[in-house]
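One-letter residues, chain by chain:
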Amino acid sequence: AGPSSYTVGTMSERFDCHYCRDPLQGKKYVQKEGRHCCVKCFEKFCANTCTECKKPIGADSKELHFKNRYWHDNCFRCFKCYTSLVNEPFMLRENNKVWCSNCTATEDAPRCKGCFKHIIAGDQNVEYKKMVWHKDCFTCSQCKQVIGSGSFFPKGDDFYCVSCHEHKFAKTCAKCKNPITSGGLTYQEQPWHSECFICSNCKKQLGGKRFTAVEDQFYCVECYKECVAKKCAGCKNPITAGFGRGTSVVNYEDESWHDYCFKCTKCARGLANKRFVCHNGKIYCAECPKRL
């Protein structure tokens, strides 16, 4: 803000007031733009109006001006905190209001999404998708505890801490009944923790591996062969239906065969889905017993 643009003094020569024509000799006068006038006429016709208080700035007052706006020196204060801005940095904002640098910085700072107060430099804060909170204002929508810089889960306009999200939204494992917070797998439309979906015998995880289910128990291929699968009466190896060759099983009385092992003892003709004869505990085609 600059100084005034007129001169005040006491007239020693004979001059009359430019406006009222009263003699000025021996009186206080004001000279502005080459004209001499008495103090009264100066305030009435020439004085600038203070931007703040809207009153004339008299000849005896100190005047400050900035961009064709004028203030009494005691009116030149921050609009927000009322600190005098004479010889101080300032900003002219809306409605011709002057602000100190501190209040300007605060006003231009982002507002907390929680308390709607300004977040000033040095405040700890949390930012998410162009929104910002004071650290202590960023709380769980369910338990109201401060999340701060911890992990959270957004749901629409709400935010949940890990614990509340688990109880409110997470799927429950079919085995241990605890929430599945990450990963996991689905079998027959039921969710499982990866570490819960294991072989009933060797306890190895079955996620992404071949397995079979027997009476609600799960087995990897090796354990199924070793512990569960029936042994073929022909080759004596496990019958692992669904695992490789021999997906069909032939059952007769108390014994089982791979379909490719169920053949005539004499001519080795395959007998799966064909007529056969059991003689002395051995399997024959319909023709071979006649040749015995």
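One can find the structure itself at the top, above this paragraph.
Conventions adopted
- Residues numbered from 1 in each chain as written.
- Predicted model: local features only at pLDDT ≥ 70, side-chain atom pairs only at ≥ 80, totals over all residues.
- Heavy atoms only, no water.
- Helix = DSSP H or I, 4+ residues; strand = E, 2+ residues; numbered from the N terminus.
- Rg over C-alpha atoms; globule rule 2.2 N^0.38 Å.
- Buried < 20%, exposed > 50% of the residue type's maximum accessible area, 1.4 Å probe, protein only.
- Contact = heavy atoms within 4.5 Å.
- Salt bridge = Lys/Arg side-chain N within 4 Å of Asp/Glu carboxyl O.
- 1 Å grid on protein atoms, 1.4 Å probe; cavity = no way out; pocket = protein on both sides within 12 Å on 5 of 7 lines; lining within 4 Å.
- Points joined across faces, edges and corners; volume = space filled by probe spheres on them.
- Nonpolar A, V, L, I, M, F, W, Y, C, P; charged D, E, K, R; others polar.
- Core = buried A, V, L, I, M, F, W, Y, C linked by side-chain atoms within 4.5 Å.
- Polar contact = N/O pair within 3.5 Å; in protein donor to acceptor, adjacent residues only side chain to side chain.

Caption draft 1: Expanded view of the overall build of the chain. When helices and strands are counted, the chain shows 4 helices and 21 strands. Taking 292 residues into account, the globule formula puts the C-alpha radius of gyration at 19 Å, and the chain, at 49 Å, lies well above it. The dimensions of the chain, computed from C-alpha atoms along their principal axes, are 165 × 35 × 20 Å. Burial status across the chain gives 31% buried among its 292 residues. A separation of at least 24 residues holds for 16% of the contacts in the chain among residues at least 6 apart in sequence.

Caption draft 2: A look at the pattern of salt bridges. Taken as a whole and assessed by the stated rule, the structure comprises 1 salt bridge. Glu-52 is paired through a salt bridge with Lys-97; the nearest N and O atoms lie 3.7 Å apart. Linking Glu-52 in the loop between α1 (39–46) and β4 (63–66) with Lys-97 in the loop between β6 (90–92) and β7 (98–100), this pair joins segments that are 45 residues apart in sequence.

Caption draft 3: Just the layout of surface pockets, in detail. Approximately 230 Å³ is the volume found for the largest pocket. Taken together, the elements giving at least two residues each to the lining of the largest pocket come down to β19 (255–258) and β21 (282–285). Counted by class, the lining of the largest pocket contains 8 nonpolar, 3 polar and 4 charged residues. Approximately 160 Å³ is the volume attributed to the second largest pocket. In terms of lining residues, the second largest pocket is bounded by Lys-113, Met-131, Trp-133, Cys-137, Phe-138, Thr-139, Ser-141, Gly-156, Asp-157, Asp-158 and Phe-159. Elements represented by at least two residues in the lining of the second largest pocket include exactly β9 (131–134) and β11 (158–161). In terms of residue class, the lining of the second largest pocket is made up of 5 nonpolar, 3 polar and 3 charged.

Caption draft 4: Expanded view of the nonpolar core. Ranked by internal contacts, the top residues of the largest apolar core, which has 13 residues, are Trp-257, Phe-262, Cys-264 and Leu-271. Here this core gets 3 residues from one element, more than from any other, and that element is β21. Sequence-distant contacts of Trp-257, defined by excluding residues within four places in its chain, comprise Cys-232, Ala-233, Gly-234, Ile-239, Ser-248, Val-249, Val-250, Tyr-252, Phe-262 and Ile-283.

Caption draft 5: Focus on the side chain of Ser-256. Residue position: Ser-256 is located in strand β19. There is a polar contact of 2.5 Å between the side chain of Ser-256 and the side chain of Asn-251. Among residues more than four places away in sequence, those in contact with Ser-256 are Lys-230, Lys-231, Cys-232, Ala-233, Ile-239, Val-249, Val-250 and Asn-251.

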